[in-house]
Number of protein chains: 2
Amino acid sequence: MTTIYDIAKKANVSAMTVSRVVNNTGRISEATRKRVKKVMEEMNYVPNSMARSLVLQKTKMLSLLITDITNPFFTTLARGAEDTAKRYGYKLLFGNSDEDYAKEKDYVDMILSTRVDGVLFAPAGDRSLEPLQQLQNHQIPFVLLDREVPGMEADMVLGDSKEGARMLVGHLIELGHRRIALINGAPDVSTARLRSAGYLEAHKLAGLPVDESLVIYANYRDFHEDSALDGLLRLPSPPTAIFAANNFLAIGVIQALRQRGYRVPEDLSVVCFDDFGPAESLNPFLTVASQQAYQFGSLGMQLLIERIDSESDLPRRKLVLPSELRIRSSTAAPTSINTKAADH
Amino acid sequence: MTTIYDIAKKANVSAMTVSRVVNNTGRISEATRKRVKKVMEEMNYVPNSMARSLVLQKTKMLSLLITDITNPFFTTLARGAEDTAKRYGYKLLFGNSDEDYAKEKDYVDMILSTRVDGVLFAPAGDRSLEPLQQLQNHQIPFVLLDREVPGMEADMVLGDSKEGARMLVGHLIELGHRRIALINGAPDVSTARLRSAGYLEAHKLAGLPVDESLVIYANYRDFHEDSALDGLLRLPSPPTAIFAANNFLAIGVIQALRQRGYRVPEDLSVVCFDDFGPAESLNPFLTVASQQAYQFGSLGMQLLIERIDSESDLPRRKLVLPSELRIRSSTAAPTSINTKAADH
DNA sequence: CTGTTAGCGCCTTCAA
DNA sequence: TTGAAGGCGCTAACAG
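As the structure is a computational prediction, the values presented were derived from the model and not from experiment. Every chain's residues receive numbers from 1 upward, in the order its sequence appears when written. Whichever chain is written first becomes A and whichever ligand is written first becomes 1, with later ones labelled in order. Only residues with pLDDT of at least 70 are given local features in this predicted model, and only at 80 or more are side-chain atom pairs given and counted; all residues enter the totals for whole chains, interfaces and linings. Side-chain measures were taken over the full set of non-hydrogen atoms in the model, leaving aside hydrogen atoms and water.

## Re the pairing of strand β1 (residues 61-66) of chain A
Residues and elements named next belong to chain A.
Alright, step 1. Relative accessibility under 20% of the residue-type maximum defines a buried residue, over 50% an exposed one, and the middle range a partly exposed one, all with a 1.4 Å probe and only protein chains included. A run of DSSP states H or I qualifies as a helix once it reaches four residues; a run of E qualifies as a strand once it reaches two. Both are numbered from the N-terminal end. Within β1, six of the six residues are buried, which leaves the element mostly enclosed by the surrounding structure.
Alright, step 2. Residues M61, S63 and L65 line one face of β1 and the alternating positions L62, L64 and I66 line the opposite face, and both faces are buried.
Alright, step 3. As defined by bridge partners, β1 adjoins strand β2 (residues 91-96) across six bridges and the pair is classed as parallel. The residue of β2 that forms the bridge with M61 is K91.
Alright, step 4. Taking the sense of rotation as the criterion, the β-α-β connection linking β1, helix α5 (residues 72-87) and β2 turns out right-handed.
Alright, step 5. DSSP calls a pair of strands paired once it identifies at least 2 bridges connecting them. Where β1 and strand β3 (residues 118-121) come together, four bridges link them in parallel fashion. For L64, the partnering residue across the bridge sits in β3 and is L120. Place the viewer so that the strands point away; then a crossover is right-handed whenever the path from the first strand over the helix to the second strand goes clockwise.

As structure tokens, then:
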């Protein structure tokens, strides 16, 4: 690899002059600038960003950690983050924790040793506190995405999970549903708790009682709680609708329902958080609370870069993005059969 | 940030000894090793990978460049690449060219300045030759994914586009279709040319003539060729089926068809390459040639790492992965109306 | 406008 | 088993 010294020798200048040409700093005569540039081209020079980072003490690299790279919510978010990072001249190092604390920890170690300038961090859950504290210890600025972590004060971009949940469940109640199950994410994830709160709120507003036996905790990545679902369906008064806490849970639940011979929405209505990406636009089916995924990424990135660039310490900022109810065909009024079942 | 010197001072040893402890090299007495380790913990030491890379002349980082981060084909591929990279102790720097040569070039500049050890490269198309040659000039090993680039000899992992296309079109012909349109990717992308070849082959095998006016060239990212589509539909003998060269084109085409009042498959059948991710599994609709996206990533990564690790120069390797015909409900026999239209 | 010196954090080489 | 010197490629600070 050619270095500034190689260029310097061939152009009959000092390395420092080459460095100045590369970075457009200081004053340089047009003549030498041209000469140096020409040699750089000839020798195909590319600056070594490692060496530069070492002396500048900054890398111009940022990290984005998401919890599921196959989920359209996060890929859309990633694109928002990437577009914004690029606009500010930052490179982006992606990482994927798979909702797994161990992988998340590995990733944080990597971040630390790479000395990135900042991190966009979608935490796996409450136990992400420790890796986040590590980032803090090492003075690496970060912004939380999508999920809060109790005990951690930081900039963050969240969705309004409670209100979104309230809308979804409110919609089901308006349709006439009275027995609504909740298939939630893990309870150590803030969005799961808030969606639960919204679920309760909707019941309260409608003056309906809540039956705790209608709530199942699962995992945002996929649905494996078949036996719990069977339990729900065998209840004396089974649910006529299901609120799945995210898109992938909804898919899993619907597949499980169909295996058991239930139709959606004829036998049960299903709603969930988050869209499904371009594929869904073909045959829009699920009634969802749609979140502005791209904005999560681009706004989060802006907060992060602002914090990195600001000399003084900014106050902590917390953005909450609303979601939007999109009524499609996975919801309907409960059928007489269902209502009868519910009357048991 | 604490350095090996900070540790050294506190542990009463030289920096060199600390370095040896960190890397588990050389012989060190158990006593000092323990002492040093303890101080490292206390001070929360994390090695600076920039500094290390600078002297070792390798970064243990690889790059993955894909052309569309929102396309499930590529996110699945990315996960395969990531899993394998991690298994071998490499970090992965993602990049997204959006099928855009300019962005791709920027990305290659970034790769060069970051001095990554190797690149998994899904080229935007034939004009990617130049950035690839740059990588070659700088002796950075790479593996091509999904697409060939004429004039570039390299390791690669491809899908069998021709045979996949032949299967899809063969399926349409078996159903009775005789007028089959092809909405292809851009002609400077190798897969588009091969899918075109498979389309021709299927016709030839069935003894059917090919009508060039039934072929439209578009862009893999999305479908904007509405007027060209209108042209097809107004033909005296319009197509009764459409082969879209990838998943996103199929989505665009079907939406355009529906806007015009056509139903799929009643009025026109549609087939395409690639699946749609988990969302599609709910209401499987499109008949596709499904590619093993994860394998593209994981096998490509293996080839890359093998090449990086091998002292001698390996022969060039080219893997071609088969695709699988998945018949779903976007295809049906042509209706009498259509056949009548075709009889004009 | 240009050059010299020193050092970012680490590891290789050689010496003790 | 341990340490000292030097250098990876670059730039800040100072000098001319």
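## Focus: the domain arrangement of chain A
Residues and elements named next belong to chain A.
Alright, step 1. Domain ranges listed in this record stem from an automatic or a database domain assignment. Splitting chain A by domain gives domain 1 (4-56), domain 2 (61-160 + 292-322) and domain 3 (161-290 + 326-343).
Alright, step 2. Distance from the C-alpha centre of domain 2 to the C-alpha centre of domain 3: 29 Å.
Alright, step 3. Any Lys or Arg side-chain nitrogen located within 4 Å of an Asp or Glu carboxyl oxygen qualifies as a salt bridge. Summed over the shared surface of domain 2 and domain 3, the number is one salt bridge.
Alright, step 4. Between N or O atoms, a polar contact is any pair within 3.5 Å; within protein, one atom must be a potential hydrogen donor and the other a potential acceptor, and residues adjacent in sequence are included only when both atoms are from side chains. Counting every contact that joins domain 2 to domain 3 gives nine residue pairs in polar contact (both at pLDDT 80 or more).

## Here we look at the protein's contact with DNA strand D
Alright, step 1. When at least one non-hydrogen atom of a residue lies within 4 Å of a molecule or strand, that residue is treated as near it. Taken together, 26 residues lie near DNA strand D, and S19 and Y45 of chain A together with T17, R20 and R27 of chain B sit nearest.
Alright, step 2. Expressed as a percentage, the sugar and phosphate content of the atoms of DNA strand D within 4 Å of the protein is 68%.
Alright, step 3. Between A51 of chain A and DNA strand D, the recorded distance is 3.2 Å, taken from a backbone N or O atom to a base nitrogen.
Alright, step 4. At the level of secondary structure, the elements contributing two or more residues to the surface near DNA strand D comprise α1 (4-11), α2 (15-23) and α4 (49-56) of chain A together with α2 (15-23) and α4 (49-56) of chain B.
Alright, step 5. Partitioning the surface near DNA strand D into residue classes produces 13 nonpolar, nine polar and four charged. Any residue that is not Ala, Val, Leu, Ile, Met, Phe, Trp, Tyr, Cys, Pro, Asp, Glu, Lys or Arg is counted as polar, Gly included; the first ten are nonpolar and the last four charged.

## Focus: the sheet that holds strand β4 (residues 142-145) of chain B
Residue and element names in this part refer to chain B.
Alright, step 1. Spatially, the six strands line up as an open sheet ordered β2-β1-β3-β4-β5-β11, and their pairing is parallel. Edge positions in the open sheet fall to β2 (91-96) and β11 (318-321), since each of these has one partner strand only. Shown here is a sheet whose adjacent strand axes are inclined to one another by a mean of 15°, direction ignored.
Alright, step 2. What makes two residues a contact is simply this: any of their non-hydrogen atoms within 4.5 Å. Lines are fitted to the C-alpha atoms to define the axes, a helix being fitted only along its stretch in contact, and any angle between axes, read from their N-to-C directions, falls within 0 to 180 degrees. Sheet strands touched by helix α7 (residues 129-137): β3 (118-121) and β4. Its angle to β4, the strand with the most contacts, is close to 160°.

## Structural notes on the pattern of salt bridges
Alright, step 1. Counting across every chain of the model gives 44 salt bridges over all chains.
Alright, step 2. D226 of chain A is the salt-bridge partner of R260 of chain A, the closest N and O atoms lying 3.4 Å from each other. In this pair, R260 of chain A sits in the loop between α11 (247-259) and β9 (269-273) while D226 of chain A sits in helix α10 (residues 226-233), placing the two residues 34 residues apart along the sequence.
Alright, step 3. The exposure class assigned to R260 of chain A is partly exposed, which follows from its relative accessible area of 27%.
Alright, step 4. Residue class for D226 of chain A comes out partly exposed when judged on its relative accessible area of 28%.
Alright, step 5. With a shortest N-O distance of 3.0 Å, R179 of chain B and D211 of chain B are connected by a salt bridge. One end of the pair, R179 of chain B, is in the loop between α8 (161-175) and β6 (180-184); the other, D211 of chain B, is in the loop between α9 (190-205) and β7 (215-217), and 32 residues separate them in sequence.

## Comments concerning the sheet that holds β3 of chain A
Pairing between the strands of a sheet comes from backbone hydrogen bonds, and it takes one of two forms, parallel or antiparallel.
All names here are of chain A.
Alright, step 1. On the basis of which strands lie adjacent, the open sheet formed by six strands has the order β2-β1-β3-β4-β5-β11 and parallel pairing. For this open sheet the edge positions go to β2 and β11 (318-321), each flanked by a neighbour on one side alone. Across the sheet, the mean angle from the axis of one strand to that of its neighbour is 15°, orientation sign disregarded.
Alright, step 2. Of the pairings in the sheet, the one linking β3 to strand β4 (residues 142-145) comprises three bridges and is parallel in character. Looking at the pairing, L120 lines up with V143 of β4.
Alright, step 3. Helix-sheet contacts for helix α12 (residues 293-309) involve β1, β2, β3, β4, β5 (155-159) and β11, and the interaxial angle to β5 is about 170°.

## Let's talk about the relation of the copies chain A and chain B
Alright, step 1. Rotating chain A by 180° and translating it 0.1 Å along the rotation axis places it on chain B, where the RMSD comes to 0.2 Å. Both chain copies can therefore be described as sitting about a two-fold axis.
Alright, step 2. In this assembly, 100% of the residues forming the interface of chain A have copies in chain B that are likewise at the interface, indicating an isologous arrangement. Here the copies are superposed with least squares, the fitted atoms being C-alpha atoms of residues at a pLDDT of at least 70 in both.

## Structural notes on the protein's contact with DNA strand C
Alright, step 1. Near DNA strand C there are 26 residues, and of these T17 and R20 of chain A together with M16, S19 and Y45 of chain B occur at the shortest range.
Alright, step 2. Of everything in DNA strand C that lies within 4 Å of the protein, sugar and phosphate atoms constitute 64%.
Alright, step 3. At 3.0 Å, a side-chain N or O of T32 of chain A approaches a phosphate oxygen of DNA strand C.
Alright, step 4. One of the backbone nitrogen or oxygen atoms of V55 of chain A is found 3.5 Å away from a base oxygen of DNA strand C.
Alright, step 5. Residue assignment for the surface near DNA strand C shows that the elements contributing at least two residues are α2 and α4 of chain A together with α1 (4-11), α2 and α4 of chain B.
Alright, step 6. Of the residues belonging to the surface near DNA strand C, the class tally is 13 nonpolar, nine polar and four charged.

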